[in-house]
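In case you want the letters, here they are:
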Amino acid sequence: MSSLSMYSASVPVFVRMLGNLHAVLSKAQAHAHAKGIDELVLTSARLYPDMLPLSNQIMIATDTAKGCAARLAGVTPPVYEDNEKTFAELNERIAKTLVYLQSFKPEQIDGSEAREVVLKRRTGEERLQGQPYLLNTALPNFFFHVTTAYAILRHNGVEIGKKDYLGTT
């Protein structure tokens, strides 16, 4: 059995889940259209008043994925405007993130286990090594926001299930 590379533990995981999220958003858009619901009602929906809306969940998930790949590769990630509101705009954001992620080659990320990653937080800079950053920060944060996006849509009646979240193997 071979060991799992940093590339294999990051980019393909992000690509798969963002593809699944894209499909879930497409189902949500069709649901809104079929039910006569203004899609902005869904894209601005929250699980609880103090939580971020669906649109922000998508923004943070894509930022986490592109930021993680870039940091592990030692490059600067692209900056998005964070102004998407419609399903089409959110899906376009996912699509451009997928293109960006797929531009990475394994050799850019493999071997980044000990590479220093600097995160700029509101409270200052946080410095981590690549592997702990990927496993303890980036992946959990990414999955939190993808899951929250799924939960918001499911809570609002979009007919999606675990198979939609996980996709096909």
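Scroll up to find the structure this text is about.
Quick caveat, the model's predicted, so the values are computed rather than measured.

(A) Summary view of the overall build of the chain. For the chain, the count of helices and strands is seven helices and two strands. Traced from its N-terminal end to its C-terminal end, the chain shows the element sequence α-α-α-α-α-β-β-α-α. The C-alpha radius of gyration of the chain comes to 16 Å, within 12% of the 15 Å expected for a compact globule of 169 residues. Taken along the three principal axes of its C-alpha coordinates, the chain extends 50 × 40 × 25 Å. Each of the 169 residues in the chain was classed as buried or not, and the buried ones make up 41%. Summarising the internal contacts of the chain: among those between residues at least 6 apart in sequence, 70% fall at separations of at least 24.

(B) The arrangement of the pairing of strand β2 (residues 124-129) in detail. Alignment of strand β1 (residues 116-121) against β2, held across six bridges, turns out to be antiparallel. Bridge assignment links Val118 to a residue of β2, and that residue is Arg127. Two successive antiparallel strands, β1 and β2, enclose a turn made up of two residues.

(C) Structural view of the side chain of Ser10. Examined against the element boundaries, Ser10 turns out to sit in the segment before α1 (11-35). Its relative accessible area of 0% is what places Ser10 among the buried residues. Discounting chain neighbours no more than four positions away, the residues touching Ser10 are Leu72, Ile109 and Leu134.

(D) Focus on the nonpolar core. One finds Phe104, Ile109 and Leu153 to be the most contacted residues of the largest nonpolar core, which totals 48 residues. Listed by contribution, the elements that provide at least two residues to this core are α1, α3 (54-73), α4 (87-102), β1 and α6 (130-155). In contact with Leu153, not counting residues within four places along its chain, are Val24, Leu25, Ala28, Leu54, Phe87, Val158 and Ile160.

(E) How the structure looks around the environment of Leu52. Positionally, Leu52 belongs in the loop between α2 (39-43) and α3. Along the primary structure Leu52 and Ser5 are separated by 47 residues, whereas in three dimensions their C-alpha atoms are 33 Å apart. Once residues within four sequence positions are removed from consideration, Leu52 is found in contact with Ala45, Arg46, Gln57, Ile60 and Ile152.

(F) Here's a closer look at the side chain of Asn20. Following the sequence through the fold, Asn20 ends up in helix α1. If near-sequence neighbours (up to four positions away) are discounted, Asn20 is found in contact with Asp164, Tyr165, Leu166 and Gly167.

(G) Examining the environment of Glu81 more closely. Relative to the elements of secondary structure, Glu81 occurs in the loop between α3 and α4. Between the C-alpha atoms of Glu81 and Met59, which are 22 residues apart in sequence, the distance is 9.6 Å. At 3.1 Å, the side chain of Glu81 forms a polar contact with the side chain of Asn83.

(H) Geometry of the packing of aromatic side chains. This structure, assessed with the given rule, holds four aromatic pairs. Residues Tyr100 and Phe104 carry aromatic rings whose centres are separated by 5.0 Å and whose planes lie at 90° to one another, so their mutual orientation is edge-to-face. A relative accessible area of 4% places Phe104 in the buried class. With centroids separated by 5.8 Å and ring planes inclined at 75°, the aromatic side chains of Tyr150 and Tyr165 adopt a geometry described as edge-to-face. With Tyr150 in helix α6 and Tyr165 in helix α7 (residues 162-166), this residue pair connects regions lying 15 residues apart in the sequence. Across this residue pair, the class does not change: Tyr150 and Tyr165 are buried. Over the ring of Tyr80 we find Lys66, and its NZ or CZ is 4.4 Å from the ring centre.

(I) Inspection of α1 at higher detail. For α1, which comprises 25 residues, the first-to-last C-alpha distance of 36 Å matches the rise-based estimate of 36 Å (1.5 Å per residue) to within 8%. Where α1 is buried, its residues meet α2, α3, α4, α5 (106-109), α6 and α7. Just past α1, the residue Gly36 takes up positive phi, approximately 70°.

(J) Main features of α6. The end-to-end C-alpha distance of α6 is 35 Å, a good match for the 38 Å that 26 residues give at a rise of 1.5 Å each. Helix geometry: α6 is bent most strongly at Ala138, by close to 30°, with proline Pro140 lying one to four residues after it.

Rules used throughout
- Residues numbered from 1 in each chain as written.
- Predicted model: local features only at pLDDT ≥ 70, side-chain atom pairs only at ≥ 80, totals over all residues.
- Heavy atoms only, no water.
- Helix = DSSP H or I, 4+ residues; strand = E, 2+ residues; numbered from the N terminus.
- Rg over C-alpha atoms; globule rule 2.2 N^0.38 Å.
- Buried < 20%, exposed > 50% of the residue type's maximum accessible area, 1.4 Å probe, protein only.
- Contact = heavy atoms within 4.5 Å.
- Pairing = 2+ DSSP bridges.
- Core = buried A, V, L, I, M, F, W, Y, C linked by side-chain atoms within 4.5 Å.
- Polar contact = N/O pair within 3.5 Å; in protein donor to acceptor, adjacent residues only side chain to side chain.
- Phe/Tyr/Trp six-rings, centres within 6.5 Å; stacked < 30°, edge-to-face > 60°.
- Lys NZ or Arg CZ within 6 Å of the ring centre and 35° of its normal.
- Expected span 1.5 Å × (residues − 1).
- Bend = angle between axes of the 7 residues up to and from the residue.

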